[in-house]
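Listed below are the residues making up each chain.
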Amino acid sequence: MRNLIGIAGLKREEIERLLDRAESLSAIMERENKKLPTLSGRTIVNLFFENSTRTRSSFDLAAKRLSADTVTIQASSSSTEKGESLRDTVQTLSAYNPSAIVVRSPHVGAPGMITRWTDASVINAGDGKHEHPTQALLDAFTLRRRLGELDGRNIWIVGDVLHSRVARSNILALTALGASVTVCGPPTLIPRQIEELGCNVSFTLDGSSEADVLYVLRMQNERMEEDQSFIPSVREYARYFQINGKRLGANQLLMHPGPVNRGVELSPDVVDAPQSLITEQVAAGVAVRMAVFYELLAGRGPDGGAAKEEAAQVQGVKSTL
Amino acid sequence: MRNLIGIAGLKREEIERLLDRAESLSAIMERENKKLPTLSGRTIVNLFFENSTRTRSSFDLAAKRLSADTVTIQASSSSTEKGESLRDTVQTLSAYNPSAIVVRSPHVGAPGMITRWTDASVINAGDGKHEHPTQALLDAFTLRRRLGELDGRNIWIVGDVLHSRVARSNILALTALGASVTVCGPPTLIPRQIEELGCNVSFTLDGSSEADVLYVLRMQNERMEEDQSFIPSVREYARYFQINGKRLGANQLLMHPGPVNRGVELSPDVVDAPQSLITEQVAAGVAVRMAVFYELLAGRGPDGGAAKEEAAQVQGVKSTL
Amino acid sequence: MRNLIGIAGLKREEIERLLDRAESLSAIMERENKKLPTLSGRTIVNLFFENSTRTRSSFDLAAKRLSADTVTIQASSSSTEKGESLRDTVQTLSAYNPSAIVVRSPHVGAPGMITRWTDASVINAGDGKHEHPTQALLDAFTLRRRLGELDGRNIWIVGDVLHSRVARSNILALTALGASVTVCGPPTLIPRQIEELGCNVSFTLDGSSEADVLYVLRMQNERMEEDQSFIPSVREYARYFQINGKRLGANQLLMHPGPVNRGVELSPDVVDAPQSLITEQVAAGVAVRMAVFYELLAGRGPDGGAAKEEAAQVQGVKSTL
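Residues numbered from 1 in each chain as written. Chains lettered and ligands numbered in written order. Predicted model: local features only at pLDDT ≥ 70, side-chain atom pairs only at ≥ 80, totals over all residues. Heavy atoms only, no water.

**Student:** Any details on the relation of the copies chain B and chain A? Residues and values, ideally.
**Tutor:** Each of the two chain copies goes to the other by way of a rotation about an axis and a shift along it. When chain B is brought onto chain A, the operation consists of a screw motion whose angular component is 120° and whose axial shift is 0.0 Å, with 0.0 Å RMSD remaining. Here the symmetry operator amounts to a three-fold rotation axis. (Least-squares fit on C-alpha atoms with pLDDT ≥ 70 in both.)

**Student:** Pulling in residues and values, what's your account of the sheet that holds strand β5 (residues 154–158) of chain B?
**Tutor:** All names here are of chain B. Strands sit in the order β7-β6-β5-β8-β9 across an open sheet of 5 strands; the sheet is parallel. Sheet topology places β7 (200–202) and β9 (253–255) at the edges, where each strand pairs with a single neighbour. Geometrically, the sheet is characterised by an average inter-axis angle of 25° between neighbouring strands, direction not taken into account. Bridge analysis of strand β6 (residues 180–184) against β7 gives 3 bridges, and the strand direction is parallel. The residue bridging Cys 184 from the neighbouring strand is Ser 202, located in β7. Of the strands in this sheet, β5, β8 (213–216) and β9 touch helix α5 (residues 133–147), which is tilted by about 165° from β9. (Pairing = 2+ DSSP bridges. Helix = DSSP H or I, 4+ residues; strand = E, 2+ residues; numbered from the N terminus. Axes fitted to C-alpha atoms, helices over the stretch in contact; angles between N-to-C directions. Contact = heavy atoms within 4.5 Å.)

**Student:** Can you lay out the nonpolar core for me, pointing to particular residues and giving the numbers?
**Tutor:** Residue and element names in this part refer to chain B. Core analysis: the largest hydrophobic core is formed by 80 residues, its most contacted members being Ile 44, Leu 137, Leu 143 and Phe 293. The element contributing the most residues to this core is helix α10 (residues 278–297), with 11 residues. Setting aside residues no more than four positions away along its own chain, Leu 137 makes contact with Leu 4, Ile 7, Ile 15, Leu 18, Leu 19, Val 288 and Val 292. (Core = buried A, V, L, I, M, F, W, Y, C linked by side-chain atoms within 4.5 Å. Buried < 20%, exposed > 50% of the residue type's maximum accessible area, 1.4 Å probe, protein only.)

**Student:** Lay out the packing of aromatic side chains with the relevant residues and their values.
**Tutor:** All names here are of chain B. If you walk through the whole model with that rule in mind, you get 6 aromatic pairs over all chains. Geometrically, the ring pair formed by Phe 59 and Phe 293 is edge-to-face, given 6.0 Å between the ring centres and 65° between the ring planes. One end of the pair, Phe 59, is in helix α2 (residues 53–65); the other, Phe 293, is in helix α10, with 234 residues separating them in the sequence. With respect to burial, Phe 59 and Phe 293 carry one shared label: buried. Across from the ring centre of Phe 59, 4.8 Å away, lies the NZ or CZ of Arg 289, which sits over that ring. (Phe/Tyr/Trp six-rings, centres within 6.5 Å; stacked < 30°, edge-to-face > 60°. Lys NZ or Arg CZ within 6 Å of the ring centre and 35° of its normal.)

**Student:** For the pattern of salt bridges, give the residues involved together with the corresponding values.
**Tutor:** Any two side chains of opposite charge can pair if their charged atoms end up close together. Residues and elements named next belong to chain C. Summed over the entire model, instances satisfying the criterion amount to 46 salt bridges over all chains. Arg 144 serves as the salt-bridge partner of Asp 20, at 2.9 Å between the closest nitrogen and oxygen. Of this pair, Asp 20 sits in helix α1 (residues 12–29) while Arg 144 sits in helix α5 (residues 133–147), and the two are 124 residues apart along the sequence. Residue classification places Asp 20 among the partly exposed positions, given a relative accessible area of 42%. (Salt bridge = Lys/Arg side-chain N within 4 Å of Asp/Glu carboxyl O.)

**Student:** Outline the interface of chain B and chain A, listing residues and values.
**Tutor:** With 26 residues of chain B in contact, the opposing surface of chain A contributes 26 residues. Of the roughly 2300 Å² buried between chain B and chain A on both sides combined, carbon and sulfur atoms contribute 45%. Put simply, chain B and chain A have 4 salt bridges between them. Taking the shortest distance from any N to any O, the salt bridge between Arg 42 of chain B and Glu 32 of chain A comes out at 2.7 Å. Put simply, chain B and chain A have 12 residue pairs in polar contact (both at pLDDT 80 or more) between them. Going through the elements one at a time, β2 (69–74) and α3 (86–94) of chain B are the ones with two or more residues in the side of chain B that touches chain A. Each residue belonging to the side of chain B that touches chain A can be placed in one class, and the counts come to 6 nonpolar, 13 polar and 7 charged. (Buried area = accessible area lost by both parts, 1.4 Å probe. Polar contact = N/O pair within 3.5 Å; in protein donor to acceptor, adjacent residues only side chain to side chain. Nonpolar A, V, L, I, M, F, W, Y, C, P; charged D, E, K, R; others polar.)

**Student:** Tell me about the packing of helix α1 (residues 12–29) of chain A against helix α5 (residues 133–147) of chain A, residues and numbers included.
**Tutor:** Residue and element names in this part refer to chain A. At a minimum axis distance of 10 Å, the contact between α1 and α5 shows a crossing angle of 70°. One finds that α1 runs roughly perpendicular with respect to α5. Seen along the crossing, α1 lies across α5 with a hand that is right-handed. Listed contacts from α5 to Ile 15, Glu 16, Leu 18, Leu 19, Asp 20, Ala 22, Glu 23 and Ser 26 of α1 are Leu 137, Ala 140, Phe 141, Arg 144 and Arg 145. Of the residues contributing to the contact of α1 with α5, the split by class is 7 nonpolar, 1 polar and 5 charged. (Parallel < 35°, antiparallel > 145°, perpendicular 65-115°, else oblique. Left-handed = near helix turned anticlockwise from the far one by under 90°.)

What follows is the structure in structure tokens.
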């Protein structure tokens, strides 16, 4: 595996290898000293064309904990504003010889395009409504830790599926791991032919009490404030789709990619309920992103010598796990 | 000591222990290689809801010089803008397993509240008009270096005491160390019952020539530009309270928390006068913040093993001091 | 050499020593592990009063690859906005005891002034229309790698020479290295008496086919959008001065400091032509800036002991080159 552009196309074994690696790394994250020498002397570029404090800081910390140097480029301060093309930006950053470029973009397909212009590994940190593969991996990681294997588990994804790259990547990852996934929301927020991804569709919460997991999506502000064509009102939406204390069973798990709009898609009480995995999801983010860097970068060098040196180092890390 | 929320509540011995530690660390800061391995592999989060280049870079550098990894969250780019609550933000950041969260907030009491939501040590980098404890510690450190023990020293704090967390923390720290403190300014800028903190009050500079130290506060722009209810005009304020060459004695020391409004609270000539400790205050900031991290974090581990390992390391560092 | 304020005043040997050092460091940048311990425990401050993602990240990465800690101050978030003077800012930052301050400023002469207020080495990262010495060094480095010695080479610098610190520094560096330099552009964009720097002037591209190198300057947006007094229109400018496939010979090299306005000073096709050195220029930036830090800082300590220790380290590094 050289790049991580999406969950689409990944085999079950590949996903499981990443989750297993994250499991080992997660043990290290419990230690006082969280640092591994794996990527010492390598550079990782974070190229963010959308603002995302959570995702950016999670990738940044994952890279630092593997001893990489990081360069963060925020679109708002980058020269793309001066009319530089994406390609020019990528070629410029590639001249720094980075091992990986982590990219978040409002444009579907940007990470895939970028792979053509750089020798660095490209990691998609979210592209438009398309995919957000590390989010899906950290969600799968969190669930697997709690439930064991996901085969046959019943997972409902509730909310604005139409605009959600998180939903899309999660449907692909969770079904690949053997779970049964149902997406649920008002018809205006469920994309047509979403069933082709291998999930069921429900336009009401009826039947959600059978689910092992309720995965609730964030309602985007722009949908709530400006755009009346998707939901008539926040109040109306919450009435039918908000997950609250009555709708969350005592044995059901609750997930959310954050940040939560308390009182919209979730009632305030369930956010901190014992069933909530929300904080565990965030913690999983660092371990999973370390695992992605590790699998894509460790052991891969520009020449045999470096690759061998690196492999020896990897061996050393494994033996400490 | 687990958190540093304010000077209030600290015993004289605790303050002196921090200052002594800063003294040892300050010697290291004179060396070419300013780095200690103390916090290697640990993460420190800087969570700033107000912009402050000085304080933020000082904490950041202190953490780096102790080999910690740092994650800086500026409120302007954080998801609190999207309506995420302070609690959600803190719980999210806590999922990164940081050793400490440094927080600056416009809201009085925010750092104290945060301690309830995280296992990390919480360090107050300024909360509303309440406290700014590391500023008071670095001021005490700077003064102690110049004057020796502060018992019986006469220190005047001049200016906008009403809106100043720096004044509040300094009154508490300096009186705890045995100094006599007088606050001075127009009645509109002196809070009622400030004497209860253990200081004297003067509405004129008469008598300030007896002081060993004039500690001059920054006049906030909003007071000068918009709000006529506190001072009639900058000119009028300067006429009665500006410290200038005539009002600063040859043997008096001058302090200011920066940045200075030259020509408002200080005349341009005194800023760089031999009596001015302003640059020494900034330099002290890094050593004092290192000392705070050191005292709160070194030797404290999540389990006995780590704590022991850490203690051995601390021992090693001590022996090099 | 203590500071790098401009190419003006540098001897040919000094420029060549920097380029030789960059050559050694560049070899390390090809390795998997790009990190050297040279500046471990030292602090480098990046003080940017103008936004420049490219230059800032290049300096930042160069410092990190030499193991320095970096503190980056963006003017937009610094207290100079609150009326703090440049001098106060520099004195504040100097209190951190940095080894170097890298400064970019819209004001001609700011870096030179700063040297009076700090013990740190000062490196000019661009000051107004004056100089941008590291850009000229990386350009010379890139050219020398491709062409060998520059004596007698014929180099044309094309475009808005009037507003260009890049042009100025390049004229000085390239002529010092023995090249013949011609500046070319409309009379409104060529400064009077530029010949005094030792270059030729041409108001048309006639004769440019004789050049070994066409170095094309970026057309600033403000010139294109608002200000009609320099060029009548972008279209008109491009008609006479744009370098395109017809005007670039098969054996001529093409350079540009980036970011490119495709379709203005360069036609889109030539940017990625085999003659283009644009990506190599960016890559050279990190090695050249490492060389500048190395030459200014390594081996220079506050006392003999540190200097000796450092010298031993430098020796160690040299032996690995």
